[in-house]
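Structural overview
Chain by chain, the residues:
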Amino acid sequence: MQKILVVDFGSQYTQLIARRLRELKIYSEVCPWDEITDIENVEGFILSGGPESSNIEGNPNINSKIFDSGKPILGVCYGMQVLAFQEGGQIVNEGKKEFGHAQIKMESKSSIFDDTDNNFSVWMSHGDKVESLPEGYEVIASSDNSPIAAFQNQVKSYYGLQFHPEVTHTQHGTQIIKNFLKSCNVEPNWDSADILHQIDIDVKESVGNDRVLLALSGGVDSTVLAAVLYKIIGKNLTCVMVDHGLLRKDEAKNVIANLYEKIGLKVYLVNSQELFLGRLEGVTDPETKRKIIGNTFIEVFEEESKKLDGIAWLAQGTIYPDVIESAGNSKSKAKVIKSHHNVGGLPERMNLKLLEPFRMLFKDEVRKIGKELGLPHEIVERHPFPGPGLGIRVIGEVNKERLERLREADHIFLSELKNYDLYYSASQAYAFYMPIKSVGVVGDNRIYADVIGLRSVNTTDFMTAKATNLPHDFIEHVSTRIVNEIDGISRVVYDITSKPPATIEWE
């Protein structure tokens, strides 16, 4: 199959490049810069950004096989800099960083900018920049801070962009990627049916007649995975849901009933609340909490597997953003943003083999698969809920009292979003608990109590996001309900920070 290879130099945006390609129905794979071996059927290369400086010895570089292939290359940010450097250009490290929106203007005509404007807004995220170009290259765009904001070598079909076309903040970003694909001469070859077909092949080859235990959280990813695996291996699939005491209000009961009614799947519920909360007692560091929850998850599922004959595999709904944010992609120099319970929290030794069919998929692709299988809208479009649950939505130490307050606040927020027909206009919404004291007045009494935060974001990829512009009257209504109905809460705040610089979750 024809494909575009995305070379990963450690950027947190790498998977967005692959996602844009798949949106354009082009099959793509991501490969760490230091693990490139087989480039058969690769029709073009996109070099990702990265956190390093390209002109320092020992830092990531472009494999000679890429140059020898004679195929088109598009370098993005670090990818642009390392392309220029290895071709004979000069890179400078001025210490002057550029993050956020910038305006670029065209300097020379280039096919990479076909069907775009002469000036448009792009998203920059860099500290180094190209100072001089190699022989045979020309400047095709500039910005106030970057005189060489884009370049090309028309003979070789090599292009470099200092900005990130893969993020939604860049105008014409998808068009630029589409223009590059024209130089690669690739035809559309990737959709939901293709993905399902490939998963079917991979699962049958690896699992065979073995039995699989699925760690079911009730979220979109694990629920769609349950439907996919049930379709492939049938009765060899056993679904287990752990009630770790960190679920939302009535979560376990609703998930189990919904899955049985909508899909016909029976789910075994394991009550491990005391075990999880006991291990989290006194723990405040978010990374430590995630790892405790992850390790305990695996222990519980291993223990449950012993009660079932022939279980050989543990299936998880891990998706690619989980892997990227945990820097779980091979040896590349990605920076850890946060450990996900199903990536960074896995113990080194497991008694079960790990099955993660969605590991290289994005959230929107998982949703499309769910729709392809005929799953109902309320399951497929459900807001994401993190594996560690409310454990990372209680900032600081987790205890029963804080969990109960947060559960009620979260229930009020989500219920009102649905009542006001706002739930599906947001990509993810939730309440979080802030263990800081704030003065309030209830009746004629002064109180000194904790704070609830509300967060709602809109995103297409869950790697960049903007705060949902919820009506002020709505926020005020939700705030009033929370303070009036939940003891021990004096104030409600609404988080309007975008991602980046923030993450969607607080921890």
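Report on the accompanying structure. (Residues numbered from 1 in each chain as written. Predicted model: local features only at pLDDT ≥ 70, side-chain atom pairs only at ≥ 80, totals over all residues. Heavy atoms only, no water.)

**Examining the environment of Arg 407**
Here Arg 407 lies in helix α13 (residues 400-419). On the basis of relative accessible area, Arg 407 is assigned to the buried category, the value being 13%. For Arg 407 and Leu 247, which are 160 residues apart along the polypeptide, the C-alpha to C-alpha distance reads 8.1 Å. One polar contact links the side chain of Arg 407 to the main-chain carbonyl oxygen of Leu 247, over a distance of 2.5 Å. (Helix = DSSP H or I, 4+ residues; strand = E, 2+ residues; numbered from the N terminus. Buried < 20%, exposed > 50% of the residue type's maximum accessible area, 1.4 Å probe, protein only. Polar contact = N/O pair within 3.5 Å; in protein donor to acceptor, adjacent residues only side chain to side chain.)

**Regarding the packing of helix α6 (residues 220-233) against helix α11 (residues 363-372)**
The N-to-C vectors of α6 and α11 enclose an angle of 40 degrees; their axes lie 10 Å apart at closest approach. Between α6 and α11, the angle is such that the two are oblique. The interaxial crossing formed by α6 with α11 has left-handed handedness. Here α6 contributes Val 220, Asp 221, Val 224 and Val 228 to the contact with α11, which in turn contributes Lys 363, Val 366, Arg 367, Ile 369 and Gly 370. Class assignment of the residues belonging to the contact of α6 with α11 gives a composition of 5 nonpolar, 1 polar and 3 charged. (Axes fitted to C-alpha atoms, helices over the stretch in contact; angles between N-to-C directions. Parallel < 35°, antiparallel > 145°, perpendicular 65-115°, else oblique. Left-handed = near helix turned anticlockwise from the far one by under 90°. Contact = heavy atoms within 4.5 Å. Nonpolar A, V, L, I, M, F, W, Y, C, P; charged D, E, K, R; others polar.)

**Notes on the packing of aromatic side chains**
The description of an aromatic ring pair rests on the distance of the ring centres and on the angle between the ring planes. Under the definition given, this model contains 12 aromatic pairs. The interplanar angle of 70 degrees and the centroid separation of 5.6 Å between the aromatic rings of Phe 276 and Phe 297 together place this pair among those described as edge-to-face. Taken together, the residues Phe 276 in helix α8 (residues 273-280) and Phe 297 in helix α9 (residues 286-306) connect sequence positions 21 residues apart. Ring geometry for Tyr 423 versus Tyr 424: centroids 5.0 Å apart, planes at 90 degrees, classification edge-to-face. By relative accessible area, Tyr 424 is classed as partly exposed at 46%. An aromatic cluster is defined as three or more aromatic residues linked by ring pairs; in this entry it consists of Phe 413, Tyr 420 and Phe 474. The aromatic ring of Tyr 430 is capped on one face by Arg 393, whose charged end is 4.0 Å from the ring centroid. The positively charged end of Lys 418 is found above the aromatic ring belonging to Tyr 423, 4.9 Å away from the centroid. (Phe/Tyr/Trp six-rings, centres within 6.5 Å; stacked < 30°, edge-to-face > 60°. Lys NZ or Arg CZ within 6 Å of the ring centre and 35° of its normal.)

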